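# Per-entry structural report
Spelled out from the first residue to the last, the chains are:
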Amino acid sequence: MRRESWISSVMLRNWWLEFGKMLLRFAIALMAVAALVWLGYQFWRLLWEADPIWASSPVGAVDLMMRYDEVHGWFSGRPVYGGPNAGYPPASFVLLWPLLGWLELSPARWLWAVASAAALVWLIYLLIQDSGAETTLERVFVALIPLALYPTGATIGNGQLIVLLLPALVAALTRLQRQRGWRDDLFAASLMLIALVKPSVSVPFFWILLFVPRTWRPAALVVAGYLALTLFAALFQDSSLIAILREWLAGVSGLASWGGYANLHALLAALQLENWSLPASMFLLVALGAWIYRHREADPWLLLGVTAFVTRFWTYHGWYDDLLILLPMIALFRVAKRSSDERQGVVAGIIFACTLLVMLAPGGLYLLPPPWKTLYVIAQVLVWFVGLIFLLDLTRRDRSEQVKQLRHPIITGG
């Protein structure tokens, strides 16, 4: 059976060598069209769409406008918690002020658009660097991946945050295993602090910053910086910090009970076990931390990929936060390109291709009517789970090889 599996893997690899360029060109053309149409529409929504023409039509920059009102309200001394969408902690308003706090709404939308475009360029640069893409064709393909995914456009059109924070996360966490000085630690901590503007996305990645470096200095800098931002933010409110944090936690609990789809909270709500949402999320978060500590010497992209999958599931997320899946996609692409195991590389390539197919713009949630929308989500989540299991197993094998080398070191003669 193993020999037959190896033969089929070799056949698939040979087929790719013969037809891969043609397929890659087709994929690039398809992704370029999807990116051009989808991002063009979503940037229009961000900059110009004001009121829906029809009742079911989406309102452009809807999340940006909520953040805009919250930031201006916060620094003018008005309480912002208590509304249906006030789920951001006090430090986030300080981090958002440079983009939203000093402008009228219309120029703030333009500044947000410029920042989003710059963040996409930065993200593409980082992905091309780390993906293992070798030819110009492969580099163009990798560059188009984030542009052609439906959550990228959804994030931009709504004025959401993940496009802005994702390159900061990648830049901060992919180079932690090298020898570090104060400058490196301060750089990583600063980027991680920026990413914490949306804790539901970035908090699980803090485990990587805590355990992967051979020093706790970056994590300590982040904790100190976040505490300073929180204390500074509290100066602009009449309530005590304890009261503010209680109001924020109450808002987060309410939002988590109904927000998003395809996550742990949504599953528990469907089973009428909403009271278990917080304990279940905390258990999953702690389990992830223990796993990262155990595999802290692994390839950083394997850690990023697994953490991104867990982050997508651990609490409420809208479809714009599906951009998290970009990180395991790049991890799978790296394995497909670099693995010395023929079968492993082929499996990674197949899972990557399936993930790309269910992530292309405009996405089934936007395009398909019921009940096809539900079937699409089920298929998508199944693909995500297969990718998660594959990356978990790959990291386990990687660690096993490291343990074997430690127990039986290679002795070189002199």
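Rules used in this analysis
Residues numbered from 1 in each chain as written. Predicted model: local features only at pLDDT ≥ 70, side-chain atom pairs only at ≥ 80, totals over all residues. Heavy atoms only, no water. Helix = DSSP H or I, 4+ residues; strand = E, 2+ residues; numbered from the N terminus. Buried < 20%, exposed > 50% of the residue type's maximum accessible area, 1.4 Å probe, protein only. Expected span 1.5 Å × (residues − 1). Contact = heavy atoms within 4.5 Å. Salt bridge = Lys/Arg side-chain N within 4 Å of Asp/Glu carboxyl O. pLDDT = per-residue confidence, 0-100. Core = buried A, V, L, I, M, F, W, Y, C linked by side-chain atoms within 4.5 Å. Polar contact = N/O pair within 3.5 Å; in protein donor to acceptor, adjacent residues only side chain to side chain. Axes fitted to C-alpha atoms, helices over the stretch in contact; angles between N-to-C directions. Parallel < 35°, antiparallel > 145°, perpendicular 65-115°, else oblique. Left-handed = near helix turned anticlockwise from the far one by under 90°. Nonpolar A, V, L, I, M, F, W, Y, C, P; charged D, E, K, R; others polar.

For the rest of this paragraph, the subject is the environment of Ile378. Among the secondary structure elements, Ile378 is positioned in helix H19 (residues 372-407). Ile378 sits in the partly exposed class, given a relative accessible area of 45%. The spacing of Ile378 and Ala262 is 116 residues in sequence and 8.6 Å in space, taken between C-alpha atoms.

Its 14 residues give helix H8 (residues 182-195) an end-to-end C-alpha distance of 20 Å, which sits within 8% of 20 Å, the value for a rise of 1.5 Å per residue. Listed as buried for H8 are Asp185, Ala188, Ala189, Leu191, Met192, Leu193 and Ala195. The inward-facing, buried residues of H8 abut helix H3 (90-100), helix H4 (105-131), helix H7 (162-173), helix H9 (199-202), helix H10 (206-211) and helix H11 (217-234).

Let us look at the pattern of salt bridges. Tallying each qualifying case throughout the model produces 12 salt bridges. In this structure, Asp185 and Arg217 form a salt bridge, with 2.6 Å as the shortest nitrogen-oxygen distance. A residue pair is termed long-range when its members are at least 10 positions apart, and Asp185 in helix H8 and Arg217 in helix H11 qualify at 32 residues. You can call Asp185 buried: its relative accessible area is 0%. Taking relative accessible area as the criterion, Arg217 reaches 23% and is therefore assigned partly exposed.

Let us now look at the confidence of the model for the chain. A residue-level look at the chain finds 86% of positions with pLDDT of 70 or above and a mean pLDDT of 87. By mean pLDDT, helix H12 (residues 241-258) is the weakest element of the chain at 78, and H4 is the strongest at 97. The low-confidence segment residues 403-414, where pLDDT is below 50, has zero contacts with residues more than four positions distant or belonging to other chains.

Moving on, we get to the nonpolar core. Counting residues in hydrophobic clusters, the biggest one holds 127 residues, and the most contacted among them are Phe141 and Phe205. The dominant element in this core, judged by the number of residues it contributes, is H7, at 11 residues. Once residues within four sequence positions are removed from consideration, Phe141 is found in contact with Leu24, Ala27, Ile28, Met31, Phe333, Phe352 and Leu356.

It is worth spelling out the side chain of Lys198 at this point. Following the sequence through the fold, Lys198 ends up in the loop between H8 and H9. The class of Lys198 is buried, set by a relative accessible area of 6%. A polar contact is formed between the side chain of Lys198 and the side chain of Gln160, at a distance of 2.9 Å. Ignoring any residue separated from it by four or fewer positions in sequence, one finds Lys198 in contact with Tyr88, Gln160, Leu161, Leu165, Tyr320 and Asp321.

Looking now at the environment of Leu303. Here Leu303 shows up in helix H15 (residues 300-314). Once the C-alpha coordinates of Leu303 and Thr395 are considered, the two residues, 92 residues apart in sequence, prove to be 8.1 Å apart. Ignoring sequence-local partners within four residues, the contact set of Leu303 consists of Ile208, Val212, Trp291, His295, Arg296 and Ala298.

On to H4. Between its first and last C-alpha atoms H4 spans 38 Å; for 27 residues at 1.5 Å apiece the expected length is 39 Å, and the two agree. Phi for Gly132, located one or two positions after H4, is positive at around 90 degrees.

With respect to the helices, strands and loops of the structure, Val37 is situated in helix H1 (residues 2-47). The exposed category is assigned to Val37, whose relative accessible area is 57%. Sequence separation between Val37 and Ala148 is 111 residues, and the spatial gap between their C-alpha atoms is 9.4 Å.

This next bit is on the packing of H4 against H7. H7 packs onto H4 with a crossing angle of 30 degrees between their chain directions and a minimal axis gap of 8 Å. What the angle tells us is that H4 and H7 run roughly parallel. Here H4 runs over H7; the crossing is left-handed. From H4, Trp112, Ala115, Ser116, Ala119, Leu120, Trp122, Leu123 and Leu126 reach across to H7, where they touch Val163, Leu164, Leu166, Pro167, Ala168, Val170 and Ala171. In terms of residue class, the contact of H4 with H7 is made up of 14 nonpolar, one polar and no charged.

A few words on the packing of H8 against H11. Running from amino to carboxyl end, H8 crosses H11 at an angle of 45 degrees, the nearest separation of the two axes being 8 Å. Considering their axes alone, H8 and H11 lie oblique with respect to each other. As H8 runs across H11, the sense of the crossing is right-handed. On the side of H8, the interface is formed by Trp182, Asp185, Leu186, Ala189, Met192 and Leu193, while H11 contributes Arg217, Pro218, Leu221, Val222, Gly225, Tyr226 and Leu229. In the contact of H8 with H11, the residues fall into 10 nonpolar, one polar and two charged.

Let us look at unusual backbone geometry. Following Ala361, the chain continues to Pro362 via a peptide bond in cis, the omega torsion being 5 degrees. For Pro362, the location among the structural elements is in the loop between helix H17 (342-359) and helix H18 (364-367). Across the junction of Pro370 and Pro371, the peptide omega takes the value 0 degrees, indicating a cis bond. Phi at Gln272 is positive, roughly 60 degrees, even though this residue is not glycine. Take Gln272: it is sitting in the loop between helix H13 (264-270) and helix H14 (277-294).

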